[in-house]
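Results of the structural survey
Chain residues, written in single-letter form:
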Amino acid sequence: MFTQFNRPIKTVSALLLAALLLFPMQIAYGAALTPQEKIGDTLTQKLEQGPDDTLPVYVWIQEPDFTELYRQVDEITGEQIDYPGTDDEYLLEAEKLIQKMKAEVYAQHQKEFLQKAGLSENDLVKESASAPVVIVWLNQEQIYRLAAMDQVCLLLYY
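So, here is what we can say about the structure in this document. Quick caveat: nothing in here was measured; it's all calculated off a predicted structure.

1. Re the nonpolar core
Judged by nonpolar contacts, the single largest core of 21 residues is most densely connected at Val-59, Phe-113, Ile-143, Leu-146 and Leu-155. Listing elements by their share of this core, those giving two or more residues are α4 (41-49), β1 (55-61), α6 (89-116), β3 (133-138), α7 (140-147) and β4 (152-157). Among the elements that take part in this core, β1 stands out by supplying four residues, more than any other. Sequence-distant contacts of Ile-143, defined by excluding residues within four places in its chain, comprise Ile-39, Leu-43, Leu-47, Leu-55, Val-57, Leu-138 and Leu-155.

Here you go:
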């Protein structure tokens, strides 16, 4: 019945695994990095080329707390789910609900971060519904200011 979902789920799983393999240490330990270490090499090179330029930057921020979201899903589904889930039919439906709710949490989390960082919607290039990242236009001063924020894990050139 749910076989049409297996291929997209496997594709998304493979993409998420690749992302986790590429950035795990930097993102997981972002708060322990110095502000200079949070700025990626390519972004540093771009800053050195033209420090007055405004650059598109991936800003990876700390993951929001999903404890309340999981509690709500358990309440809605009426069962305690062993997260992040398995392939059985019931958990696929719960996983769809979780992803929809996570997108809402990410949107709110990113909006709050933009306000805290002193950025506006005009600075925003793109936000993510599936990761704690925003892409924004930043100048040199903003890049260094964001790198000093505890909530920021990594800054990469877009």
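There is more to say, and it comes next.
2. Regarding α4
Regarding α4, the residues found buried are Leu-43, Thr-44 and Leu-47. Down the axis of α4, the sector holding all buried residues measures 100°, keeping them to one side. The exposed set on the far side of α4, more than 90 degrees from its buried face, consists of Asp-41, Glu-48 and Gln-49. Where the residues of α4 are buried, they touch α3 (35-38), β1, α7 and β4.

Rules used throughout
- Residues numbered from 1 in each chain as written.
- Predicted model: local features only at pLDDT ≥ 70, side-chain atom pairs only at ≥ 80, totals over all residues.
- Heavy atoms only, no water.
- Core = buried A, V, L, I, M, F, W, Y, C linked by side-chain atoms within 4.5 Å.
- Buried < 20%, exposed > 50% of the residue type's maximum accessible area, 1.4 Å probe, protein only.
- Helix = DSSP H or I, 4+ residues; strand = E, 2+ residues; numbered from the N terminus.
- Contact = heavy atoms within 4.5 Å.
- Arc of directions from axis to C-beta.

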